[in-house]
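If you want the building blocks of each chain, they are given just below.
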Amino acid sequence: MPKFLRIGVHQSNVSGYTSKAWCVRRVGSAVFLKWGAVEVHGAGDGRKVYWTIPPREKTIRCGTAQRAMDYAKAAIARRRNHRYEPLTGPIAIRRRSAERGTELKPALATILIVDIVRSTEKAAKLGDARWTKVMSHYYAAVRKELKTSRGKEVVTTGDGLLATFKAPAAGIGCATAIQKAVRTLGLEIRVGLHAGEYKVSGAEVVGLAFHIGARVAAKARAGEVLVSSAVKDLMSQSQIRFRDHGVHQLKGVPERWRPYRVED
C-alpha cells in the first residue's frame, strides 16, 4: 500500500470542532488526493477524529514521476501554510449515536455541494499568499449567497462547501448565483444537488443523501449545476429547465442514477 505523505487536522481544533483533514500520496507519475470534513473530540492521546461526511478522492495523472513529485510537494506546501499538523491513527467514518446519548432525528432537505474545479493547479500557480486571499473572497461570496437564499451551511470540505435548503428552488437559485459570483474571482465551480432525508444529532449529520449529493457533484463539469432525479421531480411545476445528463453509476451508491443539468 502506498505511503501517505501527509495527513492532518487544523491545529486550531478543539474538542467538538469541525474542520478539515487531507492526505496526499504519490505513486509513480500519479498523485492521489483525499480530503474531507472531520469532527474532533478530546485532546492529546485521547483525541478521536471522525469524518462528518465521507471523504472525497481525486487522482492526478502527471505524465512523469518528476512532475508528480513537484505536484505533490506543491500540494503539501499549500496545506502546511494553513497550519495543519500530522494526525496519528485512523479517522472513523461515523460514530454510533449512543456515544452522545441522544437519538438521531430525521430531517428532510435539499443538499447542495459546491467544489472548485482544478483548485490545486490554481493554488500552485498563484502561490500561497494570493490563493489564501482568493479563498477568503470565495467563501465570503458563497456565504453571502447562502444568506440571501436562506441556506444553512453544514460544513466546508477542503475547497468546497456543503449546505442545506428547505426548498429545491432555493438551492438551485443559490447555486447559479454562486457560479456568477465566483467567476469574478477567476474561479469555476461544479455543483451537485440532491433532495433526501438525513439524520441530525447535535453537530453530527449522517445519511445516504449526503453521499448521493457528493457523487452527483462529482459528475458535474466546470460551470455545471447537476441535480438528482429527486430534485427534478420536486420541480415539476417550476419554470426551471433541465437537460438529461445520462445514466450514471454513482460511486458507492446503490443502483444507477440519472442526473440533470440546470439550463440557463
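What this report covers is the structure whose coordinates are included nearby.

## As for the overall build of the chain
Within the chain, the secondary structure is distributed over 6 helices and 16 strands. In the chain, which comprises 264 residues, the proportion classed as buried is 45%. Sequence-distant contacts, at least 24 apart, represent 64% of the contacts inside the chain between residues at least 6 apart. Total accessible area on the chain stands at roughly 14,000 Å², and carbon and sulfur atoms take up 50% of it.

## Side note on the pattern of salt bridges
Any two side chains of opposite charge can pair if their charged atoms end up close together. The full count for this structure, using the stated rule, is 9 salt bridges. E121 serves as the salt-bridge partner of R118, at 3.9 Å between the closest nitrogen and oxygen. A relative accessible area of 54% places R118 in the exposed class. Here E121 falls in the partly exposed class, since its relative accessible area comes to 29%. Here the residues in one salt-bridge network are R221, E224, R243, R261 and E263, joined through shared partners.

## Section: the nonpolar core
Counting residues in each nonpolar core, the largest one holds 31 residues, and the members touching the most others are Y138, I172, I189, V191, L193 and V227. The set of elements that each furnish at least two residues to this core consists of β7 (105-116), α3 (128-149), β9 (160-165), α4 (168-183), β10 (189-201), β12 (225-227) and β16 (260-262). Sequence-distant contacts of I172, defined by excluding residues within four places in its chain, comprise L193, V227, V231, M235, I240, F242 and V262. Listed in part, the 12 residues of the second largest apolar core include W35, Y71, A75 and I76.

## Concerning the packing of aromatic side chains
Under the criterion given, the structure shown has 1 aromatic pair. Across from the ring centre of F32, 4.7 Å away, lies the NZ or CZ of R25, which sits over that ring. The ring of Y260 has K232 lying over it, and the distance from NZ or CZ to the ring centre is 5.0 Å.

## Points about the environment of P106
Locating P106 in the fold gives a position in strand β7. Judged by relative accessible area, which is 56%, P106 ranks as exposed.

## Things to note about the packing of α3 against α4
Contact pair α3 / α4: the axes reach a minimum separation of 9 Å and the direction vectors enclose 150°. Taken together, the axes of α3 and α4 are roughly antiparallel relative to one another. Crossing angle aside, the handedness with which α3 passes α4 is right-handed. Counted together, Y138, A141, V142, E145, L146 and S149 of α3 and A170, C174, A177, I178, A181 and V182 of α4 form the full contact between these two elements. Here the residues of the contact of α3 with α4 sort into 10 nonpolar, 1 polar and 1 charged.

The rules behind each value
- Residues numbered from 1 in each chain as written.
- Predicted model: local features only at pLDDT ≥ 70, side-chain atom pairs only at ≥ 80, totals over all residues.
- Heavy atoms only, no water.
- Helix = DSSP H or I, 4+ residues; strand = E, 2+ residues; numbered from the N terminus.
- Buried < 20%, exposed > 50% of the residue type's maximum accessible area, 1.4 Å probe, protein only.
- Contact = heavy atoms within 4.5 Å.
- Areas by Shrake-Rupley, 256 points an atom, 1.4 Å probe, with all protein chains shown as cover.
- Salt bridge = Lys/Arg side-chain N within 4 Å of Asp/Glu carboxyl O.
- Core = buried A, V, L, I, M, F, W, Y, C linked by side-chain atoms within 4.5 Å.
- Phe/Tyr/Trp six-rings, centres within 6.5 Å; stacked < 30°, edge-to-face > 60°.
- Lys NZ or Arg CZ within 6 Å of the ring centre and 35° of its normal.
- Axes fitted to C-alpha atoms, helices over the stretch in contact; angles between N-to-C directions.
- Parallel < 35°, antiparallel > 145°, perpendicular 65-115°, else oblique.
- Left-handed = near helix turned anticlockwise from the far one by under 90°.
- Nonpolar A, V, L, I, M, F, W, Y, C, P; charged D, E, K, R; others polar.

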